Amino acid sequence: MLMAGALVFAAICAMTARSMFSGSAGQPAQAAVAPEPTGPQVLVATKTLAPGTIIGADAVRYQTWPKDLVDGAYYIKGQQGAAVQGTVVRYTITAGQPVTQGALIKPGDRGFLAAALTPGMRAVSISVTAQASVAGFVFPGDRVDLLLTQTVSGGDQPLKATETIIRNLRVLATDQKTDKPADAEGKTQVTTFSNVTLEATPKIAEKIAVAQSVGTLSLSLRSIADDRMELEREIAAGEVNAPADAKAEKAMLMQIASQPIDTNPTVTTGGDVSRYQPSHVTPKTEAVATSAPASGPSASAAPRGPAVVVARGSNVTVTPLSAAAAAAPTGN
């Protein structure tokens, strides 16, 4: 009986200890679960937005914000006027910071285009056709190269040439639209346009103005990967020094990506396309005075013997020497 009582007592103690330890272990686990934040969803920046940045789908997102810290200038999901696609940043917004209504300027507002320009840059508009504008697949915010096509006279056959005069230009607007048009389903619509507004330095803006009077301008859409390729080319050529860390390299890449390039233009002439086209301008054949025309109806009627040949452009007059002497005035 004593042994049986001891076994029962030991079993009770074991069960009691087990329940105590399991209860103490479960309490911290419940305390580790953080309560879900409650409050309205506020628009915040996903990355640092510099002045002049055109807001896209990847630049902002909605995040739950404490109700007590919500300001009246924040963009709140579900409220009227919360759409910010195509707006431009007035001043720097750091990553994770709520976007205020005073920090953005909407299309159509006064000073919108001036706010979209990078400091020190200018806006210049050019006229393009559907073929010259990549069939409408150029949108605001894209990077393009500017091509000039012209016909150079001065030879027996005109020289046709196309050259890339400026590279890495940022598109600000197409036909006064600064955002990508979308349909009811949110898909980007491809529309043709006749005018494109580009961002350029003051000197490049002058070059573009002259190029419009020289020939026809066309756009060539650039790939996003071209920025890194351009940086690698400049590093290989010794034009820039490679940074020591990845952060400095990224900053340099961003700087190169935002600057248009007007050096080392590439040229393609008609001779590079077809063997029947000249590759350079040949001088014109000048008229040479001879004793008789080489060909033409006057060749058969040319008099024999000495003659005076007068060439006025393409008109050639042949006068026999005897007739010229007879027509000359007499006297000393």
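Computed from a prediction, not measured in an experiment: that's the story for all the values here.

Enquirer: I'm lost on the overall build of the chain in this one. Help?
Expert: If you tally the helices and strands in the chain, you get 7 helices and 12 strands. A total of 332 residues make up the chain; the buried ones form 27% of that total. Taking all contacts inside the chain whose residues are at least 6 apart in sequence as the whole, residues at least 24 apart take part in 66%. When the accessible surface of the chain is summed, it comes to about 21700 Å², and 57% of that surface belongs to carbon and sulfur atoms.

Enquirer: Which parts of the structure should I look at to understand unusual backbone geometry?
Expert: When glycine is set aside, most residues are seen to have a negative phi, and most peptide bonds are trans. A positive phi angle is found at Asn 168, which is not glycine, with a value near 65°. Positionally, Asn 168 belongs in strand E7 (residues 159-174).

Enquirer: Help me understand the pattern of salt bridges, please; the structure alone is not making it clear to me.
Expert: Pairing of side chains with opposite charge becomes possible as their charged atoms draw close. Counted by the stated rule, this structure contains 4 salt bridges. Of the charged contacts in the structure, one is a salt bridge between Arg 170 and Glu 199, with a shortest N-O distance of 3.1 Å. Residue Arg 170 is located in strand E7, and its partner Glu 199 is located in strand E8 (residues 195-200); the two are separated by 29 residues in the primary sequence. Given the relative accessible area of 11%, Arg 170 is considered buried. You can call Glu 199 buried: its relative accessible area is 2%. Asp 262 serves as the salt-bridge partner of Lys 207, at 2.9 Å between the closest nitrogen and oxygen. Placement of the pair is Lys 207 in helix H3 (residues 202-214) and Asp 262 in the loop between helix H5 (246-257) and strand E10 (266-269), with a sequence separation of 55 residues. Judged by its relative accessible area of 37%, Lys 207 falls in the partly exposed class.

Enquirer: Would you mind going over the side chain of Thr 197 with me for this structure?
Expert: Checked against the element boundaries, Thr 197 lands in strand E8. What makes Thr 197 buried here is its relative accessible area of 13%.

Enquirer: Help me understand the nonpolar core in this model?
Expert: Within soluble globular proteins, side chains that are nonpolar tend to cluster in buried spots. One finds Ile 126, Leu 146, Leu 169, Val 196, Leu 198, Ile 208 and Leu 217 to be the most contacted residues of the largest nonpolar core, which totals 20 residues. For this core, the elements supplying multiple residues, two or more each, are strand E5 (122-127), strand E6 (143-152), E7, E8, H3 and strand E9 (216-221). Each residue touching Leu 198, except ones within four places of it in the same chain, is listed here: Arg 122, Ala 123, Val 124, Ile 126, Val 144, Leu 169, Arg 170, Val 171 and Leu 172. Core analysis: the second largest hydrophobic core is formed by 13 residues, Leu 49, Val 89, Ala 103 and Leu 104 among them.

Enquirer: Is there a simple way to explain the environment of Leu 117 in this structure?
Expert: Topologically, Leu 117 is positioned in the loop between helix H2 (112-116) and E5. Residue class for Leu 117 comes out buried when judged on its relative accessible area of 18%. Along the chain, Leu 117 and Pro 51 lie 66 residues apart, while their C-alpha atoms are 8.5 Å from each other. Non-local contacts of Leu 117, meaning those with residues more than four positions away in its chain, are made with Arg 122, Ala 123, Arg 170, Leu 172 and Glu 199.

Enquirer: Mind showing me how you'd approach the pairing of E6 here?
Expert: Looking along a regular strand, one sees side chains alternate from face to face of the sheet. Inspection of the sheet shows E6 paired to E7 by 9 bridges, in the antiparallel sense. Across the sheet, Leu 146 pairs through a bridge with Ile 166, a residue of E7. Bridge count between E6 and E9: 6 bridges; the pairing is antiparallel. Among the inter-strand pairings, Leu 147 is bridged to a residue of E9, identified as Ser 218.

Enquirer: Is there a simple way to explain H3 in this structure?
Expert: The α-helix winds at 3.6 residues per turn, so residues separated by three or four positions along the chain end up facing the same way. Counted at 1.5 Å a residue, the expected span for H3 with its 13 residues is 18 Å, and the 19 Å between its end C-alpha atoms agrees. Listed in full, the buried residues belonging to H3 are Ile 204, Ala 205, Ile 208 and Ala 211. Buried residues in H3, looked at end-on, bunch into an arc of 120°, giving them a common side. In this structure, H3 carries Lys 203, Val 210 and Ser 213 as exposed residues pointing more than 90 degrees from its buried face. In this structure, the buried side of H3 is in contact with E5, E6, E7, E8 and E9.

Cut-offs applied
Residues numbered from 1 in each chain as written. Predicted model: local features only at pLDDT ≥ 70, side-chain atom pairs only at ≥ 80, totals over all residues. Heavy atoms only, no water. Helix = DSSP H or I, 4+ residues; strand = E, 2+ residues; numbered from the N terminus. Buried < 20%, exposed > 50% of the residue type's maximum accessible area, 1.4 Å probe, protein only. Contact = heavy atoms within 4.5 Å. Areas by Shrake-Rupley, 256 points an atom, 1.4 Å probe, with all protein chains shown as cover. Salt bridge = Lys/Arg side-chain N within 4 Å of Asp/Glu carboxyl O. Core = buried A, V, L, I, M, F, W, Y, C linked by side-chain atoms within 4.5 Å. Pairing = 2+ DSSP bridges. Expected span 1.5 Å × (residues − 1). Arc of directions from axis to C-beta.

So, to be careful, I would describe these as geometric facts and stop short of saying anything about function.
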